[in-house]
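Residue-level structural notes
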Amino acid sequence: WRVSRLDFYAAAIALAGVLLFGILHGILLAALASVLLLLARVSSPHVAFLGRVPGTNSYSDMARHPENEALVDTVAFRPEASLIYVNADTVLEAVQQRLNTTANARLVVCDLSASPYIDLAGARMLREICVSLSDRGVPMRIVGAHGSVRDLLRAEGMEKMVGKLDRTLTVDSLLSSLN
């Protein structure tokens, strides 16, 4: 319970299922409950809005580390999950909400280093953000994308919209190159 409430719920459902329905049905119920709990967790991932860790070239979540240095004229975000159909709308809403409250953004950076997989819905969500920003005259760049993610984004034509999808590009190297 103290370490992981989700795991506690899964274990409690397994125990109750076995006691009420027997071993086979209890285990099947626990497996089904685990899948549903996993879907619930995946459907609302955390979107970290990044700031520079003081005295370093690293970036981390401003909500968790308010001492981070805020980025000037830039919004950098990192979805902390794979971008798939069950969570694409949630990520889109979080990013749009932040962009609507940030009037002076001249650049948006999407760090995909914590997103090992993207499906078509995730790629189209990123495209939607990019198009919305383009209408405002704000460019978007993508950094930290894994190989298979870069392949899918290229197939979707995102590289033409966001610039080169480079495996070595980081938030720091991108921002340093602009200064």
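What this report covers is the structure whose coordinates are included nearby. Just so we're clear, the structure is a prediction, and the values are computed from it rather than from any experiment.

Turning our eyes to something else, we now look at the overall build of the chain. The helix and strand inventory of the chain stands at seven helices and five strands. N-terminal to C-terminal, the α/β element order of the chain is α-α-β-β-β-α-β-α-β-α-α-α. Viewed in the frame of its principal axes, the chain has a C-alpha envelope of about 65 × 40 × 30 Å. Carbon and sulfur atoms make up 58% of the accessible area of the chain, which totals about 10,200 Å². The positive charge centre, built from 17 side chains, and the negative charge centre, built from 17, are 2 Å apart in the chain.

Pairing is mixed in the open sheet, where five strands are placed in the order 2-1-3-4-5. Lying at the two open borders of the sheet, with one neighbouring strand each, are strand 2 (59–61) and strand 5 (140–143). Sheet twist, expressed as the average angle between the axes of neighbouring strands with direction ignored, equals 35 degrees. Note: strand 3 (residues 74–79) against strand 4 (residues 107–111), four bridges, orientation parallel. By the bridge assignment for strand 4, T74 is matched with L107. Strands in contact with helix 7 (residues 171–178) are strand 1 (47–52), strand 2, strand 3, strand 4 and strand 5; relative to strand 4, the strand with the most contacts, it is inclined by about 160 degrees.

Right, let's get into the side chain of N87. Considering the arrangement of structural elements, one finds N87 in the loop between strand 3 and helix 3 (88–100). The exposure class assigned to N87 is buried, which follows from its relative accessible area of 0%. Reaching out from N87, the side chain makes a polar contact with the backbone oxygen of V42 at a distance of 3.2 Å. Sequence-distant contacts of N87, defined by excluding residues within four places in its chain, comprise V42, S43, P45, A81 and S82.

So, about the packing of helix 1 (residues 5–21) against helix 2 (residues 23–42). Relative orientation and spacing of two packed helices are given, respectively, by the angle between their axes and the distance between those axes. Axis separation between helix 1 and helix 2 bottoms out at 7 Å; the angle between their running directions is 155 degrees. Judged on the interaxial angle alone, helix 2 and helix 1 are roughly antiparallel. Handedness of the crossing formed by helix 1 with helix 2: right-handed. Contact residues: L6, D7, Y9, A10, I13, A14, G17, V18 and F21 in helix 1; I23, H25, G26, I27, L29, A30, A33, S34, L37 and R41 in helix 2. Considered class by class, the residues forming the contact of helix 1 with helix 2 number 13 nonpolar, four polar and two charged.

On to the pattern of salt bridges. By the definition in use, this model includes seven salt bridges. Across the salt bridge formed by R154 and E159, the nearest N and O atoms sit 3.2 Å from each other. When salt bridges with common partners are traced through the structure, they connect R52, E69 and D172 into a single cluster.

As a further point, take a nonpolar patch on the surface. Nonpolar side chains collect at one region of the surface, where L32, V35, L36 and L39 lie side by side and expose about 370 Å² of accessible area between them. Following the sequence through the fold, L39 ends up in helix 2. The class of L39 is partly exposed, set by a relative accessible area of 41%.

Turning our attention to the nonpolar core. In globular proteins that are soluble, nonpolar side chains generally tend to be buried together. Counting 30 residues, the largest nonpolar core has L112, L126, I129, M140, I142 and L153 as the members making the most contacts within it. Taken together, the elements giving at least two residues each to this core come down to strand 1, strand 3, helix 3, strand 4, helix 4 (120–136), strand 5, helix 5 (147–155) and helix 6 (158–162). Per-element accounting of this core gives the leading share, six residues, to helix 4. Here L126 is in contact with L83, C110, L112, I118, M140, I142, L153 and M158, once residues within four sequence places are set aside. Listed in part, the twelve residues of the second largest apolar core include A48, L107, L169 and L175.

Thresholds applied
Residues numbered from 1 in each chain as written. Predicted model: local features only at pLDDT ≥ 70, side-chain atom pairs only at ≥ 80, totals over all residues. Heavy atoms only, no water. Helix = DSSP H or I, 4+ residues; strand = E, 2+ residues; numbered from the N terminus. Areas by Shrake-Rupley, 256 points an atom, 1.4 Å probe, with all protein chains shown as cover. Lys, Arg positive; Asp, Glu negative; His and termini not counted. Charge placed at Lys NZ, Arg CZ, Asp CG, Glu CD. Pairing = 2+ DSSP bridges. Axes fitted to C-alpha atoms, helices over the stretch in contact; angles between N-to-C directions. Contact = heavy atoms within 4.5 Å. Buried < 20%, exposed > 50% of the residue type's maximum accessible area, 1.4 Å probe, protein only. Polar contact = N/O pair within 3.5 Å; in protein donor to acceptor, adjacent residues only side chain to side chain. Parallel < 35°, antiparallel > 145°, perpendicular 65-115°, else oblique. Left-handed = near helix turned anticlockwise from the far one by under 90°. Nonpolar A, V, L, I, M, F, W, Y, C, P; charged D, E, K, R; others polar. Salt bridge = Lys/Arg side-chain N within 4 Å of Asp/Glu carboxyl O. Patch = residues over 30% accessible without salt bridge, like charges linked within 9 Å, V, L, I, M, F, W, Y side chains within 5 Å. Core = buried A, V, L, I, M, F, W, Y, C linked by side-chain atoms within 4.5 Å.

Read these as geometric descriptors, not functional statements.
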